Amino acid sequence: MADFNAVAGHERIIKSLRESIKNDMTSHAYIFCGNKGSGRNLTAGAFAKTANCLSPINGNACGKCPSCIQFESGNNPDVFYVKATKTISISVDDIREQIVNEVKIKPYSYKRKIFIIKADTMTSQAQNALLKTLEEPPKYVLIILIAENTENFLPTVLSRCVMMKFSPISVNLIKNYLINNCAMNEDDAAFYAEYSIGSIG
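Heads up: these notes are all about the structure in this document. Numbering of residues begins from 1 in every chain and follows the order in which that chain's sequence is written. Where totals are concerned, whole chains, interfaces and linings use all residues; where local detail is concerned, this predicted model gives features only for residues with pLDDT of at least 70, and gives and counts side-chain atom pairs only at 80 or more. Excluded from the side-chain calculation are hydrogens and water; included are all heavy atoms of the structure.

## Some points on the packing of aromatic side chains
Here the aromatic set is Phe, Tyr and Trp, taking the six-membered ring for Trp, and pairing holds for ring centres within 6.5 Å; pairs whose planes are under 30 degrees apart are stacked, those over 60 apart are edge-to-face, and all others are tilted. Taken as a whole and judged by the stated rule, the model has 6 aromatic pairs. Seen in terms of ring centroids, Tyr30 and Phe32 are 6.4 Å apart; in terms of plane orientation they differ by 70°. Their pairing is edge-to-face. Taking 5.4 Å as the distance between ring centres and 80° as the angle between the ring planes, the aromatic pair formed by Phe191 and Tyr192 counts as edge-to-face. To sort residues, take the accessible area from a 1.4 Å probe on protein chains only and compare it with the maximum for the residue type: under 20% means buried, over 50% means exposed, and anything in between is partly exposed. Here Phe191 falls in the partly exposed class, since its relative accessible area comes to 48%.

## Here we look at the nonpolar core
If you look at soluble globular proteins, the nonpolar side chains tend to sit buried side by side. Core analysis: the biggest nonpolar cluster contains 27 residues, and Ile95, Ile117, Leu130, Ile143 and Leu145 have the highest contact counts within it. The set of elements that each furnish at least two residues to this core consists of strand 1 (29–34), strand 2 (79–82), helix 4 (92–100), strand 3 (113–118), helix 5 (124–135) and strand 4 (141–147). Setting aside residues up to four positions removed in sequence, Ile117 forms contacts with Val82, Ile90, Ile99, Leu130, Ile143, Ile144, Leu145 and Ile146. To form a nonpolar core, buried Ala, Val, Leu, Ile, Met, Phe, Trp, Tyr and Cys residues must be joined to one another through side-chain atoms within 4.5 Å. Membership of the second largest hydrophobic core comes to 23 residues, among which are Ile21, Ala51, Ile116 and Ile146. Note on conventions: DSSP H or I runs of at least 4 residues are helices, E runs of at least 2 residues are strands, and numbering of each starts at the N terminus. What makes two residues a contact is simply this: any of their non-hydrogen atoms within 4.5 Å.

## Considerations on a nonpolar patch on the surface
Like-charged residues are merged into a patch within 9 Å and nonpolar side chains (Val, Leu, Ile, Met, Phe, Trp, Tyr) within 5 Å, provided each residue has over 30% relative accessible area and no salt bridge. Reported accessibility uses the Shrake-Rupley method at a 1.4 Å probe radius. Residues are deemed covered only where the shown protein chains occlude them. Any Lys or Arg side-chain nitrogen found within 4 Å of a carboxyl oxygen on Asp or Glu counts as a salt bridge. Taken together, Phe191, Tyr192 and Tyr195 make up a surface patch of nonpolar side chains, about 400 Å² in accessible area. Among the secondary structure elements, Tyr192 is positioned in helix 8 (residues 186–194).

## Thoughts on the layout of surface pockets
One number sums up the size of the largest pocket: a volume of about 370 Å³. Lining the largest pocket are 18 residues, with Asn41, Val82, Ile116, Lys118 and Ile146 positioned closest to its centre. Only helix 2 (40–51), strand 2 and strand 3 provide two or more residues apiece to the lining of the largest pocket. At 4 residues, the largest contribution of residues to the lining of the largest pocket is made by helix 2. In this analysis a 1.4 Å probe is tested at points of a 1 Å grid over the protein atoms alone, and where it fits but cannot get out there is a cavity; an open set with protein on both sides within 12 Å along at least five of seven lines is a pocket; lining residues have an atom within 4 Å of a point. Grid points are joined across faces, edges and corners, and a volume is the space filled by probe spheres set on the points.

## A few points about the packing of helix 7 (residues 171–181) against helix 8
Relative orientation and spacing of two packed helices are given, respectively, by the angle between their axes and the distance between those axes. Orientation is described by axes fitted as lines to C-alpha atoms, over the contacting stretch for helices, and by angles from 0 to 180 degrees between their N-to-C directions. Interaxial distance between helix 7 and helix 8 falls to 8 Å at its minimum, and their mutual angle equals 135°. Judged by the angle between their axes, helix 7 and helix 8 are oblique. Here the hand of the crossing between helix 7 and helix 8 comes out right-handed. Residues Val171, Ile174, Lys175, Leu178 and Ile179 of helix 7 touch helix 8, and the partners they reach there are Glu186, Ala189, Ala190, Tyr192, Ala193 and Glu194. Each residue gets one of three labels, nonpolar for Ala, Val, Leu, Ile, Met, Phe, Trp, Tyr, Cys and Pro, charged for Asp, Glu, Lys and Arg, and polar for the others, Gly among them. Here the residues of the contact of helix 7 with helix 8 sort into 8 nonpolar, no polar and 3 charged. In what follows, roughly perpendicular refers to angles from 65 to 115 degrees, roughly parallel to angles under 35, roughly antiparallel to angles over 145, and oblique to any angle outside these ranges. Take the far helix as your reference; a near helix turned counterclockwise from it by less than a right angle gives a left-handed crossing, and one turned clockwise gives a right-handed crossing.

## Thoughts on the sheet that holds strand 2
Following DSSP output, two strands are said to pair if at least two bridges run between them. Taking strand neighbours across the sheet as the criterion, the 5 strands line up as 2-3-4-1-5 in an open arrangement whose pairing is parallel. Because the sheet does not close on itself, it has two edges, and the strands there are strand 2 and strand 5 (162–166). Direction aside, neighbouring strands of the sheet carry axes that sit 20° apart on average. One ladder, built from 5 bridges, connects strand 1 with strand 4; its direction is parallel. Residue pairing in the sheet places Phe32 in a bridge with Ile146 of strand 4. Against the sheet, helix 1 (residues 11–22) contacts strand 1 and strand 5, and its axis sits at roughly 145° relative to strand 5.

Right, here's the structure in full:
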């Protein structure tokens, strides 16, 4: 279940995202950057779910409104997961078909049209195709780029997004998470936490 409370660590990021929703001051585009298993995808889901929640509570999704229920079932009409369709990389055609053409249409049911992109495979041409949307986004658009690093991102893309860096979290936090959420005994939790490289995933 996508929920900010389910994210271990990254308190500064979670607080910032919650406050932006509470104050209706979300940016149009974010980059969630960090290692696999660091919580980027879970946080992106929680952010998307909460951003369109009809009755958010203290910056958290209510989990009960039509938008939340549809999100959890994978059927929210205003949340889009952008994927490569013909090759392993997200191409310029993918961006044009799944974002550029879609942003012209207002949200179908809720406040925002949200696009979540696993952006490590996005080609330079695809990034250029996304630029116009990043430069002149409709007010109802929210784009979340998820990446392990940003070395291959165009400077023009980086400059138009809010960067959220998911740093490795502490061994002790991971250990406690494994004990409390995975029914793991303390010795095993301590062992796996040491080899986690700061990533619960």
